Amino acid sequence: AHASFLFTNKAGKTFMTDPYQSGGVSGRVGYAPITISPDVIIITHDHLDHSHTETIPGEFEVIRHHGEALGVPVREVPVFHDMEEGARFGGTVDMKIFTIDGITIGHCGDIGELLDPEKVEAIGHLDILIIPTGGYYTLDSKGAAEVVCKLKPKMVIPCHYKTAHCGFDIEPVTPFLKYFERVIHPKNSIFEVDVDSLPEPTTCLVLPMRYDVDHPGFLRSGT
């Protein structure tokens, strides 16, 4: 949920991005606790809705900057948290770029800028882009769509938007979807993709939130 995703490679190793603190930020992060135990956690920045590892079960490696884990290289491109060069919400966010089984993924974290040509070049080719669309703390739907046009990924996954269990004063995902001719809404929170099945042109993938407490895929303790 929120900006946290889990990637599983062909070898069965798991890579989690930006785990949130359930009930954090004065209860505004209303998603259920994450119960999956990953092999690696990749963090874009140290805000509690993106970097809460303390309650994640199991043993795992944490990558906060650049590095490599289980054969997956991770690099970072600093981007501003807001349109005022980070003055409102805490400077920069380290956009993370990593490649799993030949698929290059970019997670924007809480990006709040539209990207100049130098940053677009530094980011480079992306197969999948994960980008916040809710606005206020991040880019809004229009700004996020503009960044998608600049980076030209084959697939874009929106995150960090308003839901029934997100108490932040931000937009729902719907305004973002109008910018795409092709939008996929899987019935559950798992979506399989490989190099040969990546779509053309850019397709928007809207994943149900597994840890939304009303979602049927959420497994409560003891069930």
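Fair warning: this is a prediction, and the values are worked out from it, not measured in the lab.

A.B. asks: How should I be thinking about the pairing of strand β6 (residues 72–80) in this particular structure?
C.D. replies: Residues in a regular strand point their side chains to alternate faces of the sheet. The pairing of strand β5 (residues 67–69) with β6 spans three bridges and is antiparallel. Within β6, the residue paired with A69 across the bridge is V72. Hairpin connection of β5 to β6: two residues between the antiparallel strands, including L70 at a positive phi of 50 degrees. With seven bridges connecting them, β6 and strand β7 (residues 92–100) associate as antiparallel partners. Its bridge partner lying in β7, R75 is registered against I97.

A.B. asks: Sorry, what's going on with helix α2 (residues 141–151) here?
C.D. replies: What sets the pattern is the α-helix's 3.6 residues per turn: residues three or four places apart point alike. Looking only at α2, the buried set comprises S141, G143, A144, A145, V147, V148 and L151. Looking at the buried residues of α2, the elements they touch are β7, α1 (117–123), β9 (128–132), β10 (155–159) and α3 (174–177). One or two steps after α2, the chain reaches K152, where phi turns positive at roughly 55 degrees.

A.B. asks: What exactly am I supposed to notice about the nonpolar core here?
C.D. replies: Generally speaking, nonpolar side chains in soluble globular proteins are found buried as a group. If you look at the biggest cluster of nonpolar residues, it comprises 42 residues, and the most contacted ones within it are M95, I123, L129, I131, L151, V156 and F176. Contributing elements (two or more residues each) for this core: β6, β7, β9, α2 and α3. For this core, the element with the highest residue contribution is α2, accounting for five residues. If near-sequence neighbours (up to four positions away) are discounted, I131 is found in contact with C108, I111, L139, A144, V147, V156, I157, P158, C159 and F176. One finds I63, I105, I130 and L198 within the second-largest nonpolar core, a separate group that totals 23 residues.

A.B. asks: It is not clear to me how the sheet that holds strand β1 (residues 5–8) should be interpreted in this structure. Could you clarify?
C.D. replies: Whether parallel or antiparallel, the strands of a sheet pair through hydrogen bonds between backbone atoms. With mixed pairing, the four strands of this open sheet are ordered in space as β1-β2-β3-β4. Both outer strands of the open sheet, β1 and β4 (61–63), are each paired with one neighbouring strand and no more. Shown here is a sheet whose adjacent strand axes are inclined to one another by a mean of 20 degrees, direction ignored.

A.B. asks: Teacher, can you tell me more about the packing of aromatic side chains here?
C.D. replies: We describe a pair of aromatic rings using the distance from one ring centre to the other and the angle between the two ring planes. Inspection of the entire model under this criterion finds five aromatic pairs. Ring geometry for Y136 versus Y137: centroids 4.6 Å apart, planes at 90 degrees, classification edge-to-face. In this structure an aromatic cluster arises from ring pairing among Y136, Y137 and F168.

A.B. asks: When you look at the side chain of T44 in this model, what are you seeing that I'm missing?
C.D. replies: Mapped onto the elements, T44 comes out in the loop between β3 (40–42) and β4. Residue T44 is classed as buried on the basis of its relative accessible area, which comes to 4%. Polar contacts involving the side chain of T44 include one to the side chain of D18, which spans 2.7 Å. The residues touching T44, leaving out its near neighbours within four places in the chain, are D18, H50, V93, D94, K96, H107 and G109.

Parameters at a glance
- Residues numbered from 1 in each chain as written.
- Predicted model: local features only at pLDDT ≥ 70, side-chain atom pairs only at ≥ 80, totals over all residues.
- Heavy atoms only, no water.
- Pairing = 2+ DSSP bridges.
- Helix = DSSP H or I, 4+ residues; strand = E, 2+ residues; numbered from the N terminus.
- Buried < 20%, exposed > 50% of the residue type's maximum accessible area, 1.4 Å probe, protein only.
- Contact = heavy atoms within 4.5 Å.
- Core = buried A, V, L, I, M, F, W, Y, C linked by side-chain atoms within 4.5 Å.
- Axes fitted to C-alpha atoms, helices over the stretch in contact; angles between N-to-C directions.
- Phe/Tyr/Trp six-rings, centres within 6.5 Å; stacked < 30°, edge-to-face > 60°.
- Polar contact = N/O pair within 3.5 Å; in protein donor to acceptor, adjacent residues only side chain to side chain.

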